[in-house]
Amino acid sequence: MAKKTITRKQENMVKAACEFFAENYTKGFYEEVGDLVSRDMAELSCCVLWKRDEKFEKICQNHGIEPGKKEVVITRGAVRGTHSWSKEPTEYLYY
């Protein structure tokens, strides 16, 4: 299967999400999160990254990142985050 190319905007959206969870993340973390985001965006037109998602939790464990209660919501137009998944993500990380 050919590798799907992503736009600069998509790259920046994934980067903003990764930086929200960890200041010093690895290239591997970025790539795995990018793959997860690409799949969800293609299927659902949005992606939610938080500890309770098994796929995202596994990625974090593989790279030694503890997401805590942080949550990121990615839509076609913006990346929003919150420091507590009990609150609506209103902090714009990228738009």
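Residues numbered from 1 in each chain as written. Predicted model: local features only at pLDDT ≥ 70, side-chain atom pairs only at ≥ 80, totals over all residues. Heavy atoms only, no water.

> Quick question: what am I supposed to make of the environment of arginine 76 here?
Tracing the sequence through the fold places arginine 76 in the loop between strand E2 (71–75) and strand E3 (79–82). Its relative accessible area of 52% is what places arginine 76 among the exposed residues. Taking the C-alpha atoms as reference points, arginine 76 and valine 48, separated by 28 residues in sequence, lie 12 Å from one another. In this view, arginine 76 contacts Lys9, Met13, Met41 and Ser45; residues no more than four positions away in its chain are not counted. Within polar-contact distance, the side chain of arginine 76 engages the backbone oxygen of methionine 41 at 3.4 Å. (Helix = DSSP H or I, 4+ residues; strand = E, 2+ residues; numbered from the N terminus. Buried < 20%, exposed > 50% of the residue type's maximum accessible area, 1.4 Å probe, protein only. Contact = heavy atoms within 4.5 Å. Polar contact = N/O pair within 3.5 Å; in protein donor to acceptor, adjacent residues only side chain to side chain.)

> Explanation requested: the nonpolar core in the structure shown.
For soluble globular proteins, nonpolar side chains are generally found buried alongside one another. Counting 21 residues, the largest nonpolar core has Phe29, Val33, Val37, Leu49, Phe56, Val72 and Ile74 as the members making the most contacts within it. When residues of this core are traced back to their parent elements, those giving at least two are helix H1 (8–21), helix H2 (27–44), strand E1 (46–50), helix H3 (54–62) and E2. A total of 6 residues in this core trace back to one element, the largest contributor, which is H1. Residues in contact with phenylalanine 29, not counting those within four places in the same chain, are Cys18, Phe56, Ile59, Cys60, His63 and Ile65. (Core = buried A, V, L, I, M, F, W, Y, C linked by side-chain atoms within 4.5 Å.)

> I keep staring at the environment of glutamate 32 and nothing clicks. Help me out?
Inspection of the secondary structure assignment puts glutamate 32 in helix H2. Take glutamate 32: its relative accessible area is 29%, and that puts it in the partly exposed class. Linking glutamate 32 and isoleucine 59, residues 27 residues apart in sequence, is a C-alpha distance of 6.8 Å. Engagement of the side chain of glutamate 32 in a polar contact is seen with the side chain of histidine 63, the distance being 2.7 Å.

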